[in-house]
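Report on the structure
Listed below are the residues making up each chain.
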Amino acid sequence: MEPPGAETVVVRYGDMSTKSSRVRRGMEKRLVENIEALLADRGVDGDVERRPTRPLVWTDEPTAAAAVAADAFGVVSTSPARSLPPEPDPILDAMAEAAQAHYDGGSFAVNARRAGDTFPMDSEDLGREGGQAIWDAVESDFEPEVDLDDPDFTVNVEVREDAAFLYLDEIPGPGGLPLGSQRPVVALVSGGIDSPVAAYEIMRKGCPVVPVYVDLGEYGGQDHRARAVETVRTLGSYAPNFRESLRVVPGGETVELLADELEQGRMLAFRRFCLAVAEEIALDAGAAGIVTGEAIGQKSSQTTQNLSVTDPITDLPVFRPLLTMDKNVITERAKEIGTFTDSTIPAGCNRFAPVQAETNARLDRLRELEPDDLRERAREAVADLELVEP
């Protein structure tokens, strides 16, 4: 819902405000670039202005632009807004107009905030005067009621030294940091529910991702690969200026070897192979680490003991944003970001799982069981990777 005369979007950020002024300026610049890229990618016209603490989008489509900007990593919330002179009369008039346009009965409130000391009213006075202006504007048609705790209708105004902004709604954003403010990481994407959510979460903290899918050969198939491709495309929609081609790495031969020769430790050896693949790609791409969708105890390969024996295959840090999350929380997150439907296409990849799960592996024993040339297999597979455009 936008107020009459809305022509801008107020963008709010959170964690960026804790940074030094130099770092914050760089992040604000990056955030503006990312919002511009999102608007262009989704066909919404708007000019983004970098301002301290409150970037603005000037547009003829404030509601659409606010929804787009709310997808930018680093954004806490956005609001379609009307800009006004920082003077009492225009602000009070605009409050009355907004109420006449959108108030349809019930309780209301005014949420007024003021920055600086040049405005002649404090926040409390502006809220009281604004409430009276709204009451006067609607009392002939309704029986208005003031409720400051849980109102049905709220008029918000932020007054700054050079301008005031009036808005009615806030669209929540992902929070975090602007994408590109951190080094990239390689994301191992299986196409299941968890790994795309993990990639999204690391992107939310400012890290571009280089997506990698290890093709399982006959143990995966087209549907398994399609899941990975489509979820990566969805992730790319949040980062059009950081889209990376999906690296599809042939892993079928190694998977077949592990299935034929290993019962105990099979899944852990495969995880180590995937991490070795990711490390090879990370070194080539200048990535700072590897991200996976693993969560403690969710599968037998993800016990704390088993995680401790998979990581030593790589010298890079392995980031696990979902480490302590429950499955239902991860699933809801997948639905929110739009990867759930593609992640649940039936694929049959569970045929690779052993009959007897390993939950308490020892690293020395696993190294004895796995192929001696596991790292070399990873290098050879990466040399034959296929790029799939997002």
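Here the structure is shown first, and the text comes after it.
A brief structural summary. (Residues numbered from 1 in each chain as written. Predicted model: local features only at pLDDT ≥ 70, side-chain atom pairs only at ≥ 80, totals over all residues. Heavy atoms only, no water.)

At a minimum axis distance of 8 Å, the contact between helix α3 (residues 88-102) and helix α4 (residues 123-138) shows a crossing angle of 45 degrees. It follows from the interaxial angle that α3 and α4 lie oblique. Crossing handedness for the pair α3 and α4: right-handed. Contacts between α3 and α4 pair Ile91, Leu92, Met95, Ala96, Ala99 and Gln100 from the former with Leu126, Glu129, Gly130, Ala133, Ile134, Ala137 and Val138 from the latter. Among the residues making up the contact of α3 with α4, the classes are represented as ten nonpolar, two polar and one charged. (Axes fitted to C-alpha atoms, helices over the stretch in contact; angles between N-to-C directions. Helix = DSSP H or I, 4+ residues; strand = E, 2+ residues; numbered from the N terminus. Parallel < 35°, antiparallel > 145°, perpendicular 65-115°, else oblique. Left-handed = near helix turned anticlockwise from the far one by under 90°. Contact = heavy atoms within 4.5 Å. Nonpolar A, V, L, I, M, F, W, Y, C, P; charged D, E, K, R; others polar.)

This brings us to the pairing of strand β11 (residues 209-215). On a regular strand, each side chain points to the face opposite its neighbour's, so the side chains alternate between the two faces of the sheet. Most of β11 sits inside the fold, with seven of its seven residues counted as buried. The pairing of strand β10 (residues 185-188) with β11 spans four bridges and is classified as parallel. Counted as the bridge partner of Leu188 is Val212 from β11. Taken together, β10, helix α5 (residues 194-204) and β11 constitute a β-α-β crossover, and its handedness is right-handed. Alignment of β11 against strand β12 (residues 246-250), held across four bridges, turns out to be parallel. Its bridge partner being in β12, Val212 is matched across the sheet by Arg247. (Buried < 20%, exposed > 50% of the residue type's maximum accessible area, 1.4 Å probe, protein only. Pairing = 2+ DSSP bridges. Right-handed = clockwise from strand over helix to strand, strands pointing away.)

We now examine the sheet that holds β11. Spatial ordering of the open sheet is given by β14-β13-β10-β11-β12-β15, a layout of six strands whose pairing is mixed. Each edge of the open sheet carries a strand with a single partner, namely β14 (318-319) and β15 (386-388). Judged from the three bridges that link them, β12 and β15 form a sheet pairing that is antiparallel. Residue pairing in the sheet places Val248 in a bridge with Glu386 of β15. Across the sheet, helix α6 (residues 222-236) lies against β11, β12 and β15, angled at about 175 degrees from β11, the strand it touches most.

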